[in-house]
Amino acid sequence: MHLYLALTLQVLWTGVCQAAMQHYPATWGHYDVCKSQVYSDEGLTWDYMACQPEAADMTKYLKVMLDPPNITCGNPPETYCALENPYMCNNECDASTEELAHPPELMFDIEGRNPTTFWQSTSWKRYPKALLVNITLSWNKTIELTDDIVLTFESGRPEQMVLEKSLDYGRTWQPYQFYATDCLDAFTMEPKTVQDLTQHTLLDIICTEDYSRGYVWKYDKTVRFEIKDRFALFAGPRLHNMASLYGQLDTTKNLRDFFTITDLRIRLLRPATGATMVDENNLSRYFYAISDIKVQGRCKCNLHANSCVFDKEKLSCECEHNTTGPDCGRCKRNYQGRAWSAGSYLPIPKGTANICIPNNIGPVIRPNVSSLGVANRKEVAPQVALSTAPSVHVANRKRARVCDNELMRCQNGGVCISNVRCNCPSAYTGLLCEKPRCESGLGGCRGADSGQPPLRPPSSFGPLLLLLGSALL
């Protein structure tokens, strides 16, 4: 008996330790299932969940545009000198020869080739006029960034550069980050790094000097826009608490929009010179060259799709939950029983689908208003929509059930009314009362004055401790 009890305690303790060591991303990192079939009192029904596509390399689906359009080298052919050695001038660019051409598409080809392939601009032959280049990456689709944006330069890294984003397909632009060897001189901004940011200053636009060194650091080729370091302000240094990040993204629109783009623009303002003075006698040393651009992200589908297709040069979500549109941004025809709403990450780990429900159908009773006085007609009008629902109408309402007492319970103290809607407490809203009303500011509902408890991942220790107690008894 004692041996059996000891073995039971050992197994339970091992389970507790494994649960304690579990990393959260494996638990709720993906939201990759939109629906599953479950059994209920009415038989086999669908259980709907929030879902999103997996992250992917988004450079496979973009279009690139250069401004000015004739800024790529090779027409006419040019010879370039090395930045660190002005007498080494054996690099040639010729657009008419494939081996010597450096077109824009080489910014996105397969890395690891020998010799390295890259796009290259013309040299700074019009100095002191600024050598300005805009590189615009367009997806014609809203995407959500999931990893750092990384640019790899084969020339020295630019001494001045701006990364910009657009949320409206390039009509307007906002800066993402400034880069300079001297932020005060270039942009009248104090230099900062992403490590200087906090949860409350995450949306601040900063200028960094970390990525703008010249040829002395010729092996430092990359320039980054740090997405994961910003995620870590909510999810922890190893992104182990994704629950907290998802909670913030769900309740704070400004934060969600910060990581959402339709276009990116790289504004190259001054090439690497490697010195304080420009050698005007050898301007072929100064140019831009980019061998790789990495943009990792996913299609934005408003948590209503788990896949995104690229067809006819265009990305679009394969929508679920009776939604439609390139971003699943509206309800399908005949499924407009309530206003469209994006899915919700909460409650973790399955979220809330906020599905579109069928329209209520059936004959409508219209009272005879001809015998009523004109003064009474306004009072009758709001009651015109009252109907006697036949059996087909009842069947539709059953299919459109929103809540019940088993699978889709109203949360946070909400009460299910006729399986059709949740009557929520004043502090909550949403399809299943899953959303706090205090959506404001970057702190969202996790702010100190919101009155909401901090978001915590569900604990797996409770059931194990109950079993442990039972074994001891």
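Residues numbered from 1 in each chain as written. Predicted model: local features only at pLDDT ≥ 70, side-chain atom pairs only at ≥ 80, totals over all residues. Heavy atoms only, no water.

**A few points about the packing of helix H4 (residues 228-235) against helix H5 (residues 242-251)**
- Orientation of H4 relative to H5, taken along the N-to-C sense of each, is 100°, at an axis distance of 7 Å. Of the possible angle classes, the one that applies to H4 and H5 is roughly perpendicular. In contact with Phe231, Phe234 and Ala235 of H4, H5 contributes Met242, Ser244, Leu245 and Gln248.
- Of the residues contributing to the contact of H4 with H5, the split by class is five nonpolar, two polar and no charged. (Axes fitted to C-alpha atoms, helices over the stretch in contact; angles between N-to-C directions. Helix = DSSP H or I, 4+ residues; strand = E, 2+ residues; numbered from the N terminus. Parallel < 35°, antiparallel > 145°, perpendicular 65-115°, else oblique. Contact = heavy atoms within 4.5 Å. Nonpolar A, V, L, I, M, F, W, Y, C, P; charged D, E, K, R; others polar.)

**Regarding the environment of Leu303**
- Here Leu303 shows up in the loop between strand S16 (296-299) and strand S17 (308-311).
- With relative accessibility at 8%, the residue Leu303 sits in the buried group.
- Separated by 17 residues in the primary sequence, Leu303 and Glu320 have C-alpha atoms spaced 9.1 Å apart.
- In this structure Leu303 touches Ala50, Cys51, Gln52, His321, Gly343, Ser344 and Tyr345, once residues within four positions along its chain are discounted. (Buried < 20%, exposed > 50% of the residue type's maximum accessible area, 1.4 Å probe, protein only.)

**Side note on the environment of Arg157**
- Note on placement: Arg157 falls in the loop between strand S9 (149-153) and strand S10 (160-166).
- Using a relative accessible area of 3% as the deciding quantity, one classes Arg157 as buried.
- Sequence-wise, Arg157 and Lys221 are 64 residues apart; in three dimensions their C-alpha atoms are separated by 6.4 Å.
- Setting aside anything within four residues of it in sequence, one finds Arg157 in contact with Asp210, Tyr211, Ser212, Arg213, Asp220, Lys221, Thr222, Val223 and Ala272.
- Of the polar contacts made by the side chain of Arg157, one reaches the backbone oxygen of Thr222; its length is 2.7 Å. (Polar contact = N/O pair within 3.5 Å; in protein donor to acceptor, adjacent residues only side chain to side chain.)

**Observations concerning the pairing of strand S13 (residues 222-225)**
- In S13, alternate side chains face the same way, and those of Val223 and Phe225 are buried while those of Thr222 and Arg224 on the opposite face are not.
- For S9 and S13, the ladder comprises four bridges, and the chain directions are antiparallel. Each residue of the ladder has a partner; that of Val150, found in S13, is Arg224. (Pairing = 2+ DSSP bridges.)

**Section: the nonpolar core**
- Judged by nonpolar contacts, the single largest core of 64 residues is most densely connected at Trp119, Ile135, Trp139, Leu264, Leu268 and Ile293.
- Among the elements that line this core, the one with the most residues is strand S8 (residues 133-145), at six residues.
- If you look at the next biggest cluster of nonpolar residues, it comprises 11 residues, including Ile355, Val402, Cys403 and Leu432. (Core = buried A, V, L, I, M, F, W, Y, C linked by side-chain atoms within 4.5 Å.)

**Considerations on the confidence of the model for the chain**
- Summary statistics for the chain give a mean pLDDT of 79 and a share of 75% for residues scoring 70 or more.
- Across residues 448-473, where pLDDT falls below 50, the model places 38 contacts with residues more than four positions away in sequence or in other chains. (pLDDT = per-residue confidence, 0-100.)

**Here we look at the state of the cysteines**
- Per the counting criterion, the structure on display carries eight disulfides.
- Disulfide pairing places Cys73 opposite Cys93 at an S-S distance of 2.0 Å. Taking the sign of the S-S torsion, 80° for the link of Cys73 and Cys93, the bridge is right-handed. Of the two residues, Cys73 sits in the loop between strand S4 (63-67) and strand S5 (78-80) while Cys93 sits in strand S6 (residues 91-93), which places them 20 residues apart along the sequence.
- Paired through a disulfide, Cys183 and Cys207 show a sulfur-sulfur distance of 2.0 Å. With the S-S dihedral at roughly -85°, the linkage between Cys183 and Cys207 falls on the left-handed side. Taken together, the residues Cys183 in helix H3 (residues 183-187) and Cys207 in strand S12 (residues 207-208) connect sequence positions 24 residues apart.
- Residue Cys183 is classed as buried on the basis of its relative accessible area, which comes to 0%.
- On the basis of relative accessible area, Cys207 is assigned to the buried category, the value being 1%. (Disulfide = S-S within 2.5 Å.)

**As for unusual backbone geometry**
- Along the chain, Tyr127 connects to Pro128 via a cis peptide bond; the corresponding omega equals 10°.
- Of note, the phi angle at Thr188 is positive, near 50°, even though the residue is not glycine.
- Mapped onto the elements, Thr188 comes out in the loop between H3 and S12.
- Judged by relative accessible area, Thr188 falls into the exposed class, the value being 68%.
- Unlike most non-glycine residues, Lys312 shows phi in positive territory, near 55°.
- Judged by relative accessible area, Lys312 falls into the exposed class, the value being 76%.

**Topic: the sheet that holds S13**
- Overall, antiparallel pairing links the four strands, which are arranged S7-S15-S9-S13 in an open sheet. For this open sheet the edge positions go to strand S7 (119-120) and S13, each flanked by a neighbour on one side alone.
- Judged from the two bridges that link them, S7 and strand S15 (residues 289-294) form a sheet pairing that is antiparallel. Residue pairing across strands places Gln120 opposite Ala289, the latter belonging to S15.

**As for the pairing of strand S18 (residues 314-317)**
- Burial along S18 is one-sided: the residues Leu315 and Cys317 are buried and none of Lys314 and Ser316 is.
- In this structure, S17 lies alongside S18, joined through four bridges in antiparallel fashion. Bridge pairing links Val309 to Ser316 in S18.
- In this antiparallel pair of consecutive strands, S17 and S18, the connection spans two residues, and Lys312 shows a positive phi of 55°.

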